[in-house]
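Here's the letter readout for the chains.
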Amino acid sequence: MNYALESANPYLLGPYAPVFKEIVTTDLKVIGEIPKDIHGVYVRNGPNPKFEPKGHYHWFDGDAMLHAVQFEDGKATYRNRWIRTKNFIEEEQAGESLWQGLMGRLSANMDRPWNRGVPLKDTANTAVAFHNGKLLAGWYMCGDLYAIDPITLDTKGVETFHDTLDAKVMAHVKVDEQANEMMFFDYELTASYLAYGVVNGTGKVKHFTKVKTPGPRIPHDMAITENYSVLMDLPLIYDLELMAKRGRAVPVFRKDLPSRFGILPRYGDGSEVRWFEAKPCYIYHTINAWEEGDEIIMDCCINPEPTPQQKLKPNATKMDKLNAYLRLEAFLYRYHFNLKTGETKEYPLDDRKTEFPMMNSRFLGRKSQYAYNQHFDLSEKLRFDGLVKYDTEKQSAETYWYGEGRFGSEAPFIPKKNAIAEDDGYLVSFVTDERDGQSEVVILDAQNIAGKPLARIVLPQRVPLGFHACWVDGDRLFK
Ligand SMILES: [Fe+2]
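Model, not experiment: these values are computed from the prediction.

Colleague: In this structure, what is going on with the overall build of the protein chain? I would like to understand it.
Modeller: Helix and strand counts for the protein chain come out as four helices and 33 strands. What you see for the protein chain is a C-alpha radius of gyration of 21 Å, in line with the 23 Å of a compact globule of 479 residues. With the C-alpha coordinates of the protein chain rotated into their principal frame, the extents come out at 55 × 55 × 50 Å. Going through the 479 residues of the protein chain one by one, you find that 47% of them count as buried. Look at the contacts in the protein chain between residues 6 or more apart in sequence, and 57% of them connect residues 24 or more apart.

In structure tokens, the structure reads:
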């Protein structure tokens, strides 16, 4: 099945083209040497449509496929599996696509069982996280969280946290590894609040509350500190009138509105939220946040001009629109929210265009110094041509370039055994070469990322470019 080759849609071609075989391969060819202390699983989520898309395909529409490399004793095993979501199973039974995608018309999905007011297929294709022994995959529009076996990648089903979850969940959950707690949020396209909750080490939702907003809001991420959570009310919002008129979702950037950051205690009631105002922007991903004196400091990647249509020429084709919609012009940015004075301070930390940040997840919620971001290539296709390590204290950066025609993936940090220094570890990334379709995993020394990779693991099939990844540490997995 290679319908993609018949299509002119760039997100079904080349390094984006879906793969159709689910395989497990051991004894992979390694150039260099895999450090023996790497023990666990690198897993990445991303779109991979099983059936020929119905209507115009957008990259965000594809069914979720997980690609993973399991490391043990210097050896690596590769696996890939689709996530068997409810909608995936339904389409598999039908033998064809049943849903129109993001660039299609909402009315075409009128006869489908909508996902709580969202007339799109809940694919769980966006992010993946590990908490309390469970690998969890989620969707960027707030959907079901799917529990996955981190070794076999088999789908176990929708995670309900022992029937304590009464919400959908946004893909970017935040795991505090030290407290063994997971924070999450949820929004609805027509509700004037953000829902927020905490799952603790019992595997149950132990706290759930709603935070009022001036209208429906669509944040993509949140942040946590040791004692607080940061929710976002950003001025990129769906215009519901325009949506009804055009029959599809249209995000509008309301430059006249501020960005607002709602800070509440981890177990605080929604009414306890304190809002901090800042310049209008949209934020896809935060890196970290922590408490320092009277302040909460938050590092993230911001987009000061998130409206894609502004960049289009008058004769723009449908494909230009699709590309522009994916365009991100984000850079590293820092906020200080002063809990005593209520003031916000904000400033850029760098001007390079980077996104899909990762950090040492053991430091999430605590003061951190390093971020590992993907650098955008010059095209508008959202491809990563390099990996930038930022040192936010020294205000310096170094870059590993993937090489001509080669594109990377979000690169999780793997701490070394008994590491104390925040950057004492490795970075892993799937790299796909658009020229010959060959993929590999590169392992970099996080303290010398611009140096030669420690190992390049040659993979048995192409790994299409995708979305978010995580590192599942063997010690957390097998204990
Ligand atoms: Fe994301």
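Colleague: Would you explain the sheet that holds strand 26 (residues 384-391) in this entry?
Modeller: As a general point, the strands of a sheet are linked pairwise by backbone hydrogen bonds and lie either parallel or antiparallel. Spatial strand order, 24-25-26-27: four strands in an open sheet with antiparallel pairing. Looking at the sheet topology across the chains shown, the edges are occupied by strand 24 (354-358) and strand 27 (396-401). For this sheet, the mean angle separating the axes of adjacent strands, direction not counted, is 30°.

Colleague: Help me understand the nonpolar core in this model?
Modeller: When a protein is soluble and globular, its nonpolar side chains tend to lie buried together. Counting 133 residues, the largest nonpolar core has Val-43, Val-128, Val-230 and Leu-427 as its most contacted members. Among the elements that make up this core, the one with the highest residue count is strand 21 (residues 295-303) (six residues). Setting aside residues up to four positions removed in sequence, Val-43 forms contacts with Leu-66, Ala-68, Val-128, Leu-135, Pro-150, Ala-469, Cys-470 and Val-472.

Colleague: So what exactly am I meant to see when it comes to the pairing of strand 4 (residues 65-72) here?
Modeller: Across a regular strand the side chains alternate sides, sitting on one face of the sheet and then on the other. Counting buried residues along strand 4, seven of its eight residues qualify, which places the element largely inside the surrounding structure. By the bridge criterion, five bridges tie strand 3 (residues 40-44) to strand 4 in an arrangement that is antiparallel. Residue Tyr-42 lies in a different strand from strand 4, and its bridge partner there is Val-69. Summarising the sheet, strand 4 and strand 5 (residues 75-82) pair through eight bridges and their orientation is antiparallel. Each residue of the ladder has a partner; that of His-67, found in strand 5, is Asn-80. Counted along the chain from strand 4 to the antiparallel partner strand 5, the turn is two residues long, and its residue Asp-73 has a positive phi close to 50°.

Colleague: What should I look at first to understand the environment of Glu-393 in this one?
Modeller: Mapped onto the elements, Glu-393 comes out in the loop between strand 26 and strand 27. Taking the number of C-beta atoms within 10 Å as the measure of exposure, Glu-393 has 10 and is therefore exposed. Each C-alpha atom of the pair Glu-393 and Ile-283 lies 22 Å from the other, and the pair is 110 residues apart in sequence.

Colleague: What am I meant to see in the sheet that holds strand 14 (residues 223-224) here?
Modeller: Sheet architecture is open: four strands sit in the order 14-15-18-19, paired in antiparallel fashion. Whereas interior strands pair on both sides, the edge strands pair on one side only; in this sheet they are strand 14 and strand 19 (274-278). In the sheet, strand 15 (residues 228-233) pairs with strand 18 (residues 259-265) via six bridges, with the strands oriented antiparallel. Bridge pairing in strand 18 places Leu-231 opposite Gly-262.

Colleague: What should I look at first to understand the pairing of strand 33 (residues 469-473) in this one?
Modeller: For strand 33, the tally of buried residues reaches four of five residues, placing the bulk of the element in the interior. Inspection of the sheet shows strand 3 paired to strand 33 by five bridges, in the antiparallel sense. Bridged to Val-41 within strand 33 is Val-472.

Colleague: Got a minute to help me understand unusual backbone geometry in this structure?
Modeller: Negative phi characterises most residues that are not glycine, and trans characterises most peptide bonds. Its identity is not glycine, yet Asn-132 carries a phi of approximately 55°, on the positive side. Among the structural elements, Asn-132 can be located in the loop between strand 6 (127-131) and strand 7 (134-138). One non-glycine residue, Gln-395, lies in positive phi territory at about 55°. Mapped onto the secondary structure, Gln-395 falls in the loop between strand 26 and strand 27.

Colleague: Quick question: what am I supposed to make of the environment of Ile-449 here?
Modeller: Along the chain, Ile-449 falls in the loop between strand 31 (439-445) and strand 32 (455-458). Note: C-alpha distance between Ile-449 and Leu-387 (62 residues apart in sequence) is 8.3 Å. Beyond its immediate chain neighbours, meaning those up to four positions away, Ile-449 contacts Leu-387, Lys-389, Glu-398, Tyr-400, Leu-427 and Leu-444.

Definitions and limits used
Residues numbered from 1 in each chain as written. Predicted model: local features only at pLDDT ≥ 70, side-chain atom pairs only at ≥ 80, totals over all residues. Helix = DSSP H or I, 4+ residues; strand = E, 2+ residues; numbered from the N terminus. Rg over C-alpha atoms; globule rule 2.2 N^0.38 Å. Buried ≥ 20, exposed ≤ 12 C-beta atoms within 10 Å, placed from the backbone. Contact = placed C-beta atoms within 7 Å. Pairing = 2+ DSSP bridges. Axes fitted to C-alpha atoms, helices over the stretch in contact; angles between N-to-C directions. Core = buried A, V, L, I, M, F, W, Y, C linked by C-beta atoms within 7 Å.

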